[in-house]
Amino acid sequence: MSVPPTITRFAPSPTGRLHVGNIRTALVCWLAARAARGTFMLRIDDTDAARSTEENVEAIRADLDWLGLVPDGEVRQSDRFALYEAAFETLHAAGRVYPCYESEEALSVKRRIARGRGLPPIYDRAALKLTAAERHALEAGGATPHWRFKLDGAPIAWDDLVRGPQKFDGALISDPVVRRADGSWLYLLPSVIDDIDMKVSHVVRGEDHVSNTAVQLQMFDALGAAAPQFAHMALLVGADGKLSKRAGAIGVGAIREEGIEPQALLALLARLGTSDPVVPVGDSRDLIAGFAFGHMGRAPARFDPAELAQLNARTLHLLPFNAVRDRLPAGFDEPTWAAIRPNLTTLAEAAALLATIEGPIATPAFDADDKAYSAQAAGLAETLDWSAAPWAQLTAALKAATGRKGKSLFLPLRLALTGASHGPEMAALLPLIGRDRTIERLRAAAG
Ligand code: GLU
């Protein structure tokens, strides 16, 4: 039998903006699809009309786009109600969904009684025992049913791509409600119907969905479909290792505003909680090549904003001019990028460094000695061969002429030429500042 093509889907609910936790899910869906030359789909889970907004849908698309996790297609659950209705009819005809009339209060009383007796608070299936006449009487009295999926009580097992063999006892799980009394859908069943219809081969999601998988496996079966493979990823925790809500909840917007490169966020999230080291990766193709579900661990993955900031700097130092040129201020060229790249922690700093080259810069307040030194340097700068390592020539000539060395040789020059006491390598910077500006700045510093 041939292996079916890999199809993954990222299925956010547009009830809020994406956060680090669901970006990680999106990334793993994308990596799994790309590594297998398969298909990566975006599924907008917008069955909850009251809480879903168009603004969030657009923000989700924009965030994925920013990250370069571009879907091969998009579906929306709100376009697919006819499909759900048809599948629901099939399940109804097969006796796998049944109408229930209990109010939320009545159910909570039942649960309390069960707990009081030391029993698991499982739905008692009282509605299954209603006769047709009793149902009609309830409906005549104004009750509209909600609907439950009937689990078959058989043991449930699957081999999770991250968590390994999983087992659930169907007899210990309540028949889940799949449809509300107003006809609206809960998440469980539409997701299965879509996964079947879209031929999803791998469902990748957070481990908070493990118990959903147990019941969804029976839904696949009841709808006559083979279940996809499942990969449930460990939770993200904070740097302190605590299961703090904040860890995975940091928004993509905030990360973007801090000047984090998408490539840095991807490199971190692709490796967090895996057996592979977190290293800067300038090209997503390397992440794809290194991807394997088997590398993902079961232990909670630590997300540390400080590690992200550090990885951001190391990522910037790797990025070629082409990867950033659209986001750099006018005036940047390849040699300028190469000169300043090693000094950046965020790309936003590039503008300030360019300003250092282009000027105007702050003229340092030198003492008489350093003024004389600057005047001497200005004179020498006129005699240099500016086409070949001018910084090495200038400093060698000044060293010979003045006997200065180390800090007293270099620091006044850096201050006079850039207005700052630290920054990119002067050897890379000086050719970019160029002969005329060099002479002019040294003269200004000479007073
Ligand atoms: N909309 C669901 C969620 O955001 C999707 C879960 C799934 O991937 O099946 O949790």
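Preceding block: the structure.
Because the structure is predicted, anything quoted here is derived from the model rather than measured.

(A) Region of interest: the packing of aromatic side chains. In this structure the tally under the stated criterion is nine aromatic pairs. Taking 5.2 Å as the distance between ring centres and 85° as the angle between the ring planes, the aromatic pair formed by Phe88 and Trp147 counts as edge-to-face. A residue pair is termed long-range when its members are at least 10 positions apart, and Phe88 in helix α3 (residues 81-93) and Trp147 in strand β5 (residues 146-149) qualify at 59 residues. For Trp147, a relative accessible area of 15% corresponds to the buried category. Considering the side-chain rings of Trp391 and Phe410, the 6.1 Å spacing of their centres and the 35° angle between planes classify their relative orientation as tilted. You can see Trp391 sitting in helix α17 (residues 390-402) and its partner Phe410 sitting in helix α18 (residues 406-418), a full 19 residues away along the chain. Taken together, the ring pairs connect Phe81, Tyr84, Phe88, Trp147 and Trp185 into an aromatic cluster. The ring of Tyr123 has Arg148 lying over it, and the distance from NZ or CZ to the ring centre is 3.7 Å. One Lys or Arg, Arg404, reaches over the ring of Tyr373 and ends 3.9 Å from the middle of that ring.

(B) The site of the ligand, seen in detail. In the region of the ligand, the neighbouring residues are Arg9, Ala11, Ser13, Asp45, Tyr187, Ser191, Arg205 and His209. For the ligand, a nitrogen atom lies 3.2 Å from a polar atom in the side chain of Ser13. Between the ligand and Arg205 there is a distance of 2.8 Å, counted from an oxygen atom to a side-chain nitrogen or oxygen. Looking at the shell around the ligand residue by residue, the class counts come to two nonpolar, three polar and three charged.

(C) Structural context of the pattern of salt bridges. This model, assessed by the stated rule, comprises 24 salt bridges. Residue Glu207 pairs with Arg163 through a salt bridge whose shortest N-O separation is 3.0 Å. With Glu207 in the loop between β9 (202-206) and α7 (210-222) and Arg163 in the loop between β6 (155-160) and β7 (164-169), the pair connects residues that are 44 residues apart, well separated along the chain. Among the charged side chains, a network of salt bridges with common partners joins Arg9, Arg43, Asp45, Arg80, Asp194, Asp195 and Asp197.

(D) Summary view of α7. Helix length check: α7, at 13 residues, gives a terminal C-alpha distance of 19 Å against a target of 18 Å (1.5 Å per residue), a fit within 8%. Burial within α7 is extensive, with 10 of its 13 residues counted as buried.

(E) Summary view of the sheet that holds strand β4 (residues 97-100). What the three strands build is an open sheet, ordered β4-β5-β8; its pairing is antiparallel. Where the open sheet ends on each side, the last strands, each with one partner, are β4 and β8 (177-179). Strand-to-strand twist in this sheet, taken as the mean axis angle between neighbours without regard to direction, amounts to 45°. Two elements, β4 and β5, share four bridges in a ladder whose sense is antiparallel.

(F) Spotlight on the layout of surface pockets. Of the volumes computed, that of the largest pocket is approximately 1100 Å³. In terms of lining, the largest pocket is formed by 42 residues, of which the most central are Ser13, His19, Asn22, Asp208 and His209. Counting only elements with at least two residues in the lining of the largest pocket, the list comes to β1 (7-10), α1 (20-35), β9, β11 (236-237) and α8 (245-249). A per-element tally of the lining of the largest pocket places α1 first, with four residues. Among the residues making up the lining of the largest pocket, the classes are represented as 16 nonpolar, 14 polar and 12 charged. Taken as a whole, the second largest pocket spans an internal volume of roughly 580 Å³. Along the wall of the second largest pocket there are 29 residues; nearest its centre are Arg111, Tyr123, Arg148, Ser174 and Asp175. Contributions of two or more residues to the lining of the second largest pocket are made by α4 (104-116), β5 and α7. The greatest single-element share of the lining of the second largest pocket, amounting to six residues, is contributed by α4. Split by residue class, the lining of the second largest pocket holds 15 nonpolar, five polar and nine charged.

So, how was this worked out
The residue numbering used here restarts from 1 in each chain and proceeds along that chain's sequence as written. In keeping with the model being predicted, local features are shown solely for residues with a pLDDT of at least 70 and side-chain atom pairs are shown and tallied solely at 80 or more, while totals for entire chains, interfaces and linings include all residues. Neither water nor hydrogens contribute to the side-chain values; these are computed over all heavy atoms in the structure. Two rings belonging to Phe, Tyr or Trp (six-membered ring only in the last case) form a pair when the distance between their centres is within 6.5 Å. Interplanar angles under 30 degrees mark stacking, angles over 60 mark edge-to-face geometry, and anything in between is tilted. The numbering of helices and of strands both runs from the N terminus, where a helix is a DSSP run of H or I of at least 4 residues and a strand a run of E of at least 2. Accessible area is worked out with a 1.4 Å probe on protein chains only. A residue is then buried under 20% of its type maximum, exposed over 50%, and partly exposed in between. Two limits define a charge over a ring: the Lys NZ or Arg CZ must be within 6 Å of the ring centre, and within 35 degrees of the ring normal. Each residue is tested against the molecule or strand, and it is near if at least one of its non-hydrogen atoms lies within 4 Å. Two N or O atoms form a polar contact when they lie within 3.5 Å of each other; inside protein one atom must be a possible hydrogen donor and the other a possible acceptor, and for residues adjacent in sequence the pair counts only when both atoms belong to side chains. Side-chain classes follow a simple rule in which Ala, Val, Leu, Ile, Met, Phe, Trp, Tyr, Cys and Pro form the nonpolar group, Asp, Glu, Lys and Arg form the charged group, and the remainder, Gly included, forms the polar group. A side-chain nitrogen of Lys or Arg and a carboxyl oxygen of Asp or Glu constitute a salt bridge if their distance falls within 4 Å. Multiplying one less than the number of residues by 1.5 Å gives the expected span of a helix. Two strands qualify as a pair provided that DSSP identifies no fewer than 2 bridges between them. Lines fitted to C-alpha atoms define the axes, with helix axes restricted to the stretch in contact, and inter-axis angles between N-to-C directions lie between 0 and 180 degrees. Both site types are read off a 1 Å grid over the protein atoms alone. A 1.4 Å probe that fits but cannot get out defines a cavity, while an open set with protein on both sides within 12 Å along at least five of seven lines defines a pocket; lining residues have an atom within 4 Å of a point. Grid points are joined across faces, edges and corners, and a volume is the space filled by probe spheres set on the points.

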